[in-house]
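Here is how the chains run, residue by residue.
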Amino acid sequence: RSLEKRLDFLHQHRLDYQARRMELEQEFKKLSQEKQDQRQQRLSALRADWRTRLVGLRQTQDAVTEQYRKEKRAFDAMAASAGGELVGLFQLVQLLSALICDAEEGQFPTFW
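The rules we used
- The residue count restarts for each chain, going from 1 along the sequence in the order it is written.
- Totals for whole chains, interfaces and linings use every residue, but because this is a predicted model, local features are given only for residues with pLDDT of at least 70 and side-chain atom pairs only at 80 or more, for both listing and counting.
- Calculation of side-chain values draws on the structure's entire complement of heavy atoms; hydrogens and water are dropped beforehand.
- Numbering of helices and strands starts at the N terminus; helices are DSSP runs of H or I of at least 4 residues and strands are runs of E of at least 2.
- Radius of gyration means the value over C-alpha atoms here, while the globule rule gives 2.2 Å times the residue count to the 0.38 power.
- Each residue gets one of three labels from its accessible area relative to the maximum for its type: buried under 20%, exposed over 50%, partly exposed in between, using a 1.4 Å probe on protein chains only.
- Note on ring pairs: Phe, Tyr and Trp rings are taken, using the six-membered ring of Trp, and paired if centres are within 6.5 Å. Classes follow the plane angle, with under 30 degrees stacked, over 60 edge-to-face and the rest tilted.
- The rule for a charge over a ring is simple: NZ of Lys or CZ of Arg within 6 Å of the ring centre, and within 35 degrees of the ring normal.
- Salt bridges are counted wherever a side-chain nitrogen of Lys or Arg sits within 4 Å of a carboxyl oxygen of Asp or Glu.

Novice: What is the right way to read the overall build of the chain from this model?
Specialist: Along the chain, the regular secondary structure elements total one helix and zero strands. Against the globule reference of 13 Å for 112 residues, the chain gives a C-alpha radius of gyration of 46 Å, more extended than a compact globule. C-alpha extents for the chain along the principal axes are approximately 150 × 20 × 10 Å. Expressed as a percentage of its 112 residues, the buried residues of the chain come to 2%.

Novice: What am I meant to see in the environment of glutamate 4 here?
Specialist: One can find glutamate 4 in helix H1 (residues 2-104). Using a relative accessible area of 49% as the deciding quantity, one classes glutamate 4 as partly exposed. Once the C-alpha coordinates of glutamate 4 and arginine 21 are considered, the two residues, 17 residues apart in sequence, prove to be 25 Å apart.

Novice: What is the right way to look at the packing of aromatic side chains in this model?
Specialist: Geometry of an aromatic ring pair is reported as the spacing of the ring centres plus the angle between the planes. In this structure the tally under the stated criterion is zero aromatic pairs. Above the plane of the ring of tryptophan 50 lies arginine 53, whose end atom (NZ or CZ) is 4.8 Å from the centre.

Novice: I tried to follow the pattern of salt bridges on my own but got confused; where do I start?
Specialist: Where charged atoms of side chains with opposite charge meet at close range, the side chains can pair. Applying the stated rule across the entire model yields five salt bridges. Of the charged contacts in the structure, one is a salt bridge between arginine 21 and glutamate 25, with a shortest N-O distance of 3.3 Å. On the criterion of helical spacing, the pair formed by arginine 21 and glutamate 25 is a turn pair, its members being four residues apart in helix H1. For glutamate 25, a relative accessible area of 38% gives the class partly exposed.

Novice: Where do I start with the environment of leucine 7 in this structure?
Specialist: The topology assignment puts leucine 7 in helix H1. Separated by 52 residues in sequence, leucine 7 and glutamine 59 have C-alpha atoms that sit 77 Å apart.

Right under this line is the structure:
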């Protein structure tokens, strides 16, 4: 009789163990799926964040490039203008040098 009770107890314990094991396996699967979902959500959020940053960087790069082009055009125009002024200034210096040389030799231009 005692052996029968002991076998019933062990059988019931085995059934309880199997039921608990199944519950734990289901809970583990559920937690694993939730973890996977969380990872996927974080990954999607990171991708979206990096896309946003990349778009921002591209816009910044485009803006900087456009600003550079504007300033380069302005500088080129200023350099061309200054170049023309330098040529004119150089011609004026040559004329003044010639007048000074002529004046040192006692030759004055007719408009004096």
